[in-house]
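Structure at a glance
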Amino acid sequence: MAHNLAMLYIISILIGFTMCALLLYFKLVQHIHDSGGEQLQAEITSVRALVGTHAGLNALRQMMDAEERGEDAGTNCILMRIVDREGKVIVDCPSMRGILPPSAFPPPGDTRAKKYQHDDGNYLLRSVKLTDPVSEAGGWRLQIGIDLNEHDQLARVYRTYLILFGFGAFLFAIPSSYIVVRRGLRPLDEFSCSIKTITGSRLNTRLEAARFPNEMHPVVESVNSMMARLESSFQRLSHYSGNLAHELRTPINNLMLEAEIALSQDRTADEYQEIIASSLTEYERLAAVIDKLLFLARADNEKNDLMFEKLDAGAEVEEVLDYFSDEASAAGISLVCRGDASFWGDRTLFRRALSNLISNAIAYTPAGGDIVVSSSMGSDGAVEIAVADTGCGIYSEHLPFLFDRFYRVKSGSQHSGTGLGLAIVKAIMEMHNGDVSAWSRPGHGTTVTLHFPQHPSVTHAGSQDIC
C-alpha cells in the first residue's frame, strides 16, 4: 500500500511538473516569436520613415556599402532588401546575400511573419510594400528579416534547465514521497498495534477515536461497533454454554443417581421397571432439549426448507386452540380467538411458534384467567397475531432478554421449561423475515405479538417465491 501510494505520488508530481514545464516552455517560445514580430514591425516602421525622405535611400546605400567594405565591423546590419516591382534589387544587406533569396520571403500582402530555416540558423521574414519616392508610377517592396539564432539558443537553454530541474525533482520526489507516505500511514500502524492488543479476555477494549486522524474516525467507530457485537456474542455464548451444561447436567445426574440406586442392591422386576420408567422421563426431557437445539442450529444456518402458502390466521389459530382446549379447561383457563386475517407463511412452523406461545401463556396464567389470540391487518399490509394472557406478567428489565436462549424469568409458577420456547419463536419469525415483540405489565398479564410481512422475500429450497 505504501509503495503504491508513493508511486502514485511520484507519478502525480511528474505529470504536474511536466504540464507546468511544457506550458512555460510554449509560453516562452510564443513570447519570443511575438517579440520577433514586434521587432520586425519596428524595423519596418523605421525603414518606411527613412525611405520617405530624399536622403534616406542614399543613407541606406552608404550603410550597406560600408558593411560590404568591412568598415562597420562589430555592428549588426539590418537584414533588409529593397526591390522594385520587377524584382531588381535597389539596396540590400550584404549579410543576407546567398542566405535569404527573394523567393524565401512571403508575398507583400501577407501581414504575418514567415519562419525560414537555413543551414546557418532560423530567420523570421516579412515583405511589405514601399512607395517609390521618385516616381508614383510603381512601388517598391521591402524584404526584411531578423536572425532567430539567439532566440533559439535562449529556448534551448531554457529547455535544458527544465529537463535538469525535472530530473532533479524526480530524484527528490522518490525519497520524499516514501517519507511522506510512511508518515501519513503511521496512524494505520498504530491502529494495527491497537487491534493486536485485543484478545478474547479483553473484548471490552475500545479504540479512542481522538488518537487517530479525522479520516479514520469512521473506521474506528466501525471497529468499536464490531467489538461491541463480538463482546455481546461472546457473553451470550458463554451464558448459552453455561445454561446448556446446567440443562443437560440435571437429567444426566438424575439418570446416574437412579442407576446407582438400582445397582446398589438386588431388586425385583417391578422395582426395575419403575426405575426404567422414571429414567424414560428424563430421556424424553433430554430428547426435547436436543430437538429444540437442533432446530435452532438449523435456523441459524438458514438451511430450512420453508413451504410458503396463503394461511387463514383465524382457521389456523382455531386448530391450535382446539389442541390446547383440554389442557386449558383442566387449568380453568378460557381460550378466545378474535379477528380474521390471511398471510403468507409456513403452516408447520407457524403452528409451532403459536403453540409455544399458548403453552407458555397457560403455564403462567392462573385459574380463571383468559388467553386471547387475536389477528389483525396493519396499515402497511403486515399481519399481526397477538397472544395475550392475564397471568403474572413480566417486569420490564426482563423483556429485552425474553427471547434469548435458556433465559428464564423467575416467578412463583411451578412451570419448569427449558428456556428455548421463545427463542424458537424468534427464530421462526426471522425465517419468515418478520419479528416478534413482547409487552407486559406485572400482575396484569403479557402480550406477545408476531409480525408477518405482507410479502415474504425469503426463498429456500423447495419453497415458493412470493412477490
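Residues numbered from 1 in each chain as written. Predicted model: local features only at pLDDT ≥ 70, side-chain atom pairs only at ≥ 80, totals over all residues. Heavy atoms only, no water.

The name given to the chain in an unreviewed UniProt entry is histidine kinase, with Geomonas paludis as the source organism. A UniProt comment under Catalytic activity (unreviewed entry) is attached to the chain, and it reads "ATP + protein L-histidine = ADP + protein N-phospho-L-histidine." (UniProt positions renumbered as here; feature names shortened; annotations may be inferred.)

For the rest of this paragraph, the subject is the overall build of the chain. Assigned secondary structure in the chain consists of nine helices and 12 strands. Residue burial in the chain is summarised as follows: out of 467 residues, 36% are buried. Within the chain, residue pairs in contact and separated by at least 24 positions form 64% of the contacts whose partners lie at least 6 positions apart. If you sum the accessible surface of the chain, you get close to 27,700 Å²; carbon and sulfur atoms cover 56% of it. (Helix = DSSP H or I, 4+ residues; strand = E, 2+ residues; numbered from the N terminus. Buried < 20%, exposed > 50% of the residue type's maximum accessible area, 1.4 Å probe, protein only. Contact = heavy atoms within 4.5 Å. Areas by Shrake-Rupley, 256 points an atom, 1.4 Å probe, with all protein chains shown as cover.)

In this section: the packing of helix α8 (residues 347-364) against helix α9 (residues 421-431). Axis separation between α8 and α9 bottoms out at 9 Å; the angle between their running directions is 150°. By the angle between their axes, α8 is roughly antiparallel relative to α9. When the axes of α8 and α9 are compared, the crossing they make is left-handed. Contact residues: α8 offers L349, R352, A353, N356, L357 and N360, while α9 offers G421, L422, I424, V425, I428 and M431. Of the residues that constitute the contact of α8 with α9, the class distribution is eight nonpolar, three polar and one charged. (Axes fitted to C-alpha atoms, helices over the stretch in contact; angles between N-to-C directions. Parallel < 35°, antiparallel > 145°, perpendicular 65-115°, else oblique. Left-handed = near helix turned anticlockwise from the far one by under 90°. Nonpolar A, V, L, I, M, F, W, Y, C, P; charged D, E, K, R; others polar.)

Positionally, A104 belongs in the loop between β2 (89-92) and β3 (114-118). A104 has contacts with K114, Y116 and L125, leaving out every residue within four places of it along the chain.

Let us look at the sheet that holds strand β12 (residues 445-452). Strands in a sheet are paired, the pairing made by backbone hydrogen bonds, and the direction either parallel or antiparallel. Strand order in the open sheet formed by five strands is β7-β9-β10-β12-β11, and the pairing between neighbours is mixed. Single-partner strands in this sheet number two, and they are β7 (334-338) and β11 (435-441). Across the sheet, the mean angle from the axis of one strand to that of its neighbour is 15°, orientation sign disregarded. Note: β7 against strand β9 (residues 370-377), five bridges, orientation parallel. Its bridge partner lying in β9, R338 is registered against S374. Helix-sheet contacts for helix α7 (residues 313-330) involve β7, β9 and β10 (383-389), and the interaxial angle to β7 is about 175°. (Pairing = 2+ DSSP bridges.)

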